[in-house]
Amino acid sequence: MRLSIWAGVATLAVSLTLYPLFDGGAWLWGSLGAVIAVTAAGVIASRLTLPGWAAPLLGLTALGIYLTAAYTGDKAWALLVPTKESALALVKLLTTGFADIQRYAAPVPDDPPIAMLTTAGVGVIAIVVDLFVTRLRRAALAGLPLLALFTVPAAVLPDPIGWAAFILGALGFTSLLIADGRERVGHWGRAVLVRRSRAAAGTAADESADTRGLRLSGKRIGFTAIALAVALPALLPTLEPDPLFGFGVGGSGKGRGDSISIPDPVADLKGRLQLPENNTVLSYTSSDDAPRYLRIYSLDVFDGQRWTMKSKGSPENRVDQGPLPPPPGLASTTKTTRVETDIQVSEDITQLQFLPLPYPPQLVRAEGDWRADVDSLMVFSPGDLAGGLRYQVVSTEPDASADQLEASPRTVDPAVGERYLKLPDLPPQIRQLAQRVTKDSESPYEAAVNLQRFFTTTGGFTYSLATQGHDTEALTNFLEQTRAGYCEQFASAMAVLARSIGIPARVAIGYTGGTKLEGRWEVRTHDSHAWPELYFEGVGWLAFEPTPAGSAGQGTARVPDYTLPRPAESTPSSDPSTSAAESGDDPTAAPNSRDRLRELDPEGIYSGPVTSVETTPLWVWIALAVAGVLVILLIPALLRLVIRNRRVRTLSWKVSGPSDEVTARAGRVDTSVAAAWAELDDVLYDYGMARLPSETPRALARRLTEQYEFGAEAGAAVAVIASAVERLLFARDPGEIAPMKRELRTIRRALAATVSRGTRLRAALLPPSALRRIRGMGEGILDGFDRLENIRLWTRAARRSS
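The rules we used
- Residues numbered from 1 in each chain as written.
- Predicted model: local features only at pLDDT ≥ 70, side-chain atom pairs only at ≥ 80, totals over all residues.
- Heavy atoms only, no water.
- Helix = DSSP H or I, 4+ residues; strand = E, 2+ residues; numbered from the N terminus.
- Buried < 20%, exposed > 50% of the residue type's maximum accessible area, 1.4 Å probe, protein only.
- Lys, Arg positive; Asp, Glu negative; His and termini not counted.
- Salt bridge = Lys/Arg side-chain N within 4 Å of Asp/Glu carboxyl O.
- Contact = heavy atoms within 4.5 Å.
- Pairing = 2+ DSSP bridges.
- Axes fitted to C-alpha atoms, helices over the stretch in contact; angles between N-to-C directions.
- Expected span 1.5 Å × (residues − 1).
- Phe/Tyr/Trp six-rings, centres within 6.5 Å; stacked < 30°, edge-to-face > 60°.
- Lys NZ or Arg CZ within 6 Å of the ring centre and 35° of its normal.
- Parallel < 35°, antiparallel > 145°, perpendicular 65-115°, else oblique.
- Left-handed = near helix turned anticlockwise from the far one by under 90°.
- Nonpolar A, V, L, I, M, F, W, Y, C, P; charged D, E, K, R; others polar.
- pLDDT = per-residue confidence, 0-100.

## Overview of the side chain of E743
Phase 1 of the analysis: One can find E743 in helix α22 (residues 741–752).
Phase 2 of the analysis: Here E743 is buried and forms no salt bridge, its nearest opposite-charge partner R742 lying at an N-O distance of 4.2 Å.
Phase 3 of the analysis: Non-local contacts of E743, meaning those with residues more than four positions away in its chain, are made with A717, V720 and I721.

Set out below in structure tokens:
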């Protein structure tokens, strides 16, 4: 019965590691109720001695009743008994929760479907753990379902698992193993005692094997293992893969080999836009002092559920090996403008292995193993992170004119079309909508402009972060019904519509150009953005902007110049969101030549100085590690110093007064004499002269004086302390007791003169008395677990009578 309780405690402790996955606490309270229900079922099964196969069935029944009452009680009979309607509602919640949890990136919203799915999962884990521990008596195997629960946040989250959650989970499993071991040894002891005579049967029933030593040893081993698991990864050099608390297994942790996968950048986008803090992500300067979008990811695969991508960069594609491959589709006859950009990523950015870059980059100079994807020109690293990095980029932006784009051929490279025109089965109304919007277009470029105008002007779309989802169903709902969403929906919808009419398209994820502050463009969290990129032969990939801009949309979004009406067709407008800075053809036309990052040679390769990237010297890390170790080693000495100073202040009291103050005086007597006696005891223990348990104060004074040949002053000092202790213990009125600070100092000096220098150093730096106290505090914590284990729901007498 007690094992069922510990199985529930262990399951609940491990389930606490799930907290970073959710934006709320409904899942926790639901899981707590599920564990209590399953544990109660296990206790009842043990109490009624049901067969082993019946206990899991009872647990499933209890879990089903609890889920019904908690989530579909309005459709159940008496809010508790499941009915057909409540069962169907539970199934619907499960399927909805499963779909939602696949759709969102962590932390997911804590809505009823997701909370119910999590509650049911934790409850099933609790049933399996109870089966292994209580029914099969295989407590060690119970670690497998607990490990499965523990690996969920490790596999999903890009951030490390919190050490506090890990410690709680490990303590839960360790306590489960200890309880199981105690149960086994306790049963063995009772089996031996039952062989006693009938006369001794009454007392034998109350006896059991003494398992205190076993429990203490097991706890010490378990706690030591947990402490090492937490402390060692922080002290050892970083390895591949990283220690447990250096990354989340999977997700966007450090990649391996030459390929790297990312979680779901589209789903993660909304989380950044909804953050209350609008923190700085990066800042940059450019040679033309104009803002530009900085792309991180290029998503080229739409499977009907989400946009995804995979990048691959071999070692020969390292950016420090020279210029990047030419931009796909850009003809040599197309006029381009070279722009130099200096980018500084904030040190607060974590787990980012892609560099935010203006498109198309020609040359990238960054410290580390950064590689280019030859098809998309994304730059990523299989082992380095972008946080805190400063790097420089030279990009060659095509000077695309409307005439040139309109003259772009309708046919595209077959390799490009095969990859960037692929679509899953779509509802017919989506293709019909695309054809209706572009029916009067005479070229792919004009069709693309009409699609953009449909989203920004004629289609009646509004910007809203409340929209959820990016699969085919959500896309259809966005285009046909709500027409409300944020950049995720706008970019995805325009890319799908473009592909449906034969224009290669993909979705870019990154940041808008930001806002200029004190000479640098500053990009913040709320500048996170998604936009479509469309392909035109001879020009390559061009960004379009279907998302509403300004105060009613994505604040810093900008419509590209090449998508605006021709000057002859346009009307004067003062709206800065629909205009962009004109960039000159001459790269030397920068506002300030001092802002140029480096000189360019005729081939466009760097020949000037390179901005160095500041790194922390190795000796600083070594010094910090040594300082940390020294601080840890000095904890006993600091503890001893604090205790000694507190006692010394007490020893300065002079205890005396008239007889009517005997009560107040007694307290000071007790405190002063106790402080002197305790300090003397610690000094003896530190010097290896520990007082014997049976020694009286007078016997101790005599032994110290004779064994260590104290002089007259030291002998008198130890006699004063011994006399004070004896008077406090045995005299009705101890009388006047003078301060003993000087006597204690005299004794300490006399004892120090009798030991070696090494013993004195040990007493000062690693005092055994302080280590004894630390060990005592640890044993006190373990004793607290003993008291928890000794809790009984029924007395032994009640069990005997039953």
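Once you've had a look at it, read on.
## Points about the sheet that holds strand β4 (residues 280–286)
Phase 1 of the analysis: Ordered in space as β10-β13-β9-β4-β18-β17, the 6 strands form an open sheet in which the pairing is antiparallel. Pairing within the sheet leaves two strands with one partner each, and these edge strands are β10 (361–365) and β17 (515–517). Averaged over all pairs of adjacent strands, the angle between their axes in this sheet comes to 30°, without regard to strand direction.
Phase 2 of the analysis: Relative to strand β18 (residues 520–524), β4 runs antiparallel, the two being bridged by 4 bridges. Across the sheet, residue T280 finds its bridge partner in β18, namely R524.

## Examining helix α3 (residues 54–71)
One turn of the α-helix equals 3.6 residues, which is why residues spaced by three or four share an orientation.
Phase 1 of the analysis: Spanning 18 residues, α3 covers 26 Å between terminal C-alpha atoms, matching the ideal 26 Å at 1.5 Å per step.
Phase 2 of the analysis: Among the residues making up α3, those that are buried are A54, A55, P56, G59, L63, L67 and T68.

## Looking at the packing of aromatic side chains
Phase 1 of the analysis: For the structure on display, the rule yields 18 aromatic pairs.
Phase 2 of the analysis: The interplanar angle of 75° and the centroid separation of 6.0 Å between the aromatic rings of F544 and Y562 together place this pair among those described as edge-to-face. With a gap of 18 residues between them, F544 in the loop between β20 (540–543) and α17 (618–633) and Y562 in the loop between β20 and α17 connect regions that are remote in the sequence. As far as the burial class goes, F544 and Y562 line up, both buried.
Phase 3 of the analysis: Here a set of aromatic residues connected by ring pairs shows up, and it is made of F454, F455, F461, F478 and F490.
Phase 4 of the analysis: Lying across the ring of W541, R506 places its NZ or CZ 4.0 Å from the centre.
Phase 5 of the analysis: Over the aromatic face of Y685 sits the side chain of R772, whose NZ or CZ is 3.9 Å from the ring centroid.

## Here we look at the pairing of strand β16 (residues 505–511)
Each regular strand shows side chains that alternate between the opposite faces of the sheet.
Phase 1 of the analysis: Counting buried residues in β16 gives 7 out of 7 residues, a clear majority hidden from the surface.
Phase 2 of the analysis: Across 5 bridges, the pairing between strand β5 (residues 294–299) and β16 is antiparallel. Residue pairing across strands places Y297 opposite I509, the latter belonging to β16.
Phase 3 of the analysis: Here β16 runs beside strand β19 (residues 528–536); their pairing, made up of 7 bridges, is antiparallel. Within the sheet, the bridge partner assigned to A505 lies in β19 and is L534.

## A word on the pattern of salt bridges
Phase 1 of the analysis: Counted according to the given criterion, the structure contains 27 salt bridges.
Phase 2 of the analysis: In this structure, the salt-bridge partner of R644 is E679, at a minimum N-O distance of 3.4 Å. Here R644 is found in helix α18 (residues 635–651), whereas its partner E679 is found in helix α19 (residues 662–686), with 35 residues between them in sequence.
Phase 3 of the analysis: With a closest N to O distance of 3.1 Å, D682 and R773 form a salt bridge. Placement of D682 in helix α19 and of R773 in helix α24 (residues 768–789) is noted, with a sequence separation of 91 residues between them.
Phase 4 of the analysis: You can call D682 buried: its relative accessible area is 2%.
Phase 5 of the analysis: Among the charged side chains, a salt-bridge network with shared partners connects R640, R644, R647, E679, D681, D682, D686, R691, R748, R772 and R773.

## Structural notes on the sheet that holds β16
Paired through their backbone hydrogen bonds, the strands of a sheet run either parallel or antiparallel.
Phase 1 of the analysis: Strand order in the open sheet formed by 4 strands is β5-β16-β19-β20, and the pairing between neighbours is antiparallel. What marks the edges here is a single partner per strand, and that holds for β5 and β20. Put simply, the sheet's adjacent strands are angled 35° from each other on average, direction ignored.
Phase 2 of the analysis: Bridging between β19 and β20 involves 4 bridges; their strand directions are antiparallel.

## A word on the packing of helix α1 (residues 2–15) against helix α5 (residues 112–135)
Phase 1 of the analysis: The interhelical angle for the contact between α1 and α5, taken along N-to-C directions, is 140°, at an axis separation of 9 Å. What the angle tells us is that α1 and α5 run oblique. Here the hand of the crossing between α1 and α5 comes out right-handed. Contact with α1, carried on its side by L3, S4, A7, T11 and S15, involves V122, I125, A126, V129, D130, V133, T134 and R135 of α5 and no other residues of that element.
Phase 2 of the analysis: Among the residues forming the contact of α1 with α5, the class breakdown is 7 nonpolar, 4 polar and 2 charged.

## Section: α5
Phase 1 of the analysis: The terminal C-alpha atoms of α5 lie 33 Å apart, and with 24 residues this matches the ideal 34 Å at 1.5 Å per residue to within 8%.
Phase 2 of the analysis: Most of α5 sits inside the fold, with 18 of its 24 residues counted as buried.

## Concerning the confidence of the model for the protein chain
Segments scoring low in pLDDT should not have their predicted coordinates read at a detailed level.
Phase 1 of the analysis: With 73% of its residues at a pLDDT of at least 70, the protein chain reaches an overall mean of 76.
Phase 2 of the analysis: Here residues 189–209 is a poorly scored stretch, pLDDT under 50, and it has 12 contacts once near neighbours within four places are set aside; other chains count.
Phase 3 of the analysis: In this model residues 793–802 is a low-confidence stretch, pLDDT under 50, and it forms 10 contacts with partners more than four residues away in sequence or in other chains.

## Section: the environment of M116
Phase 1 of the analysis: Mapping M116 onto the fold places it in helix α5.
Phase 2 of the analysis: Relative accessible area serves as the criterion here: at 1%, M116 is assigned to the buried category.
Phase 3 of the analysis: Residues M116 and A26, spaced 90 residues apart in sequence, show a C-alpha to C-alpha distance of 9.0 Å.
Phase 4 of the analysis: Apart from residues lying up to four places away in sequence, M116 is in contact with L67, Y71, L90, L93 and L94.

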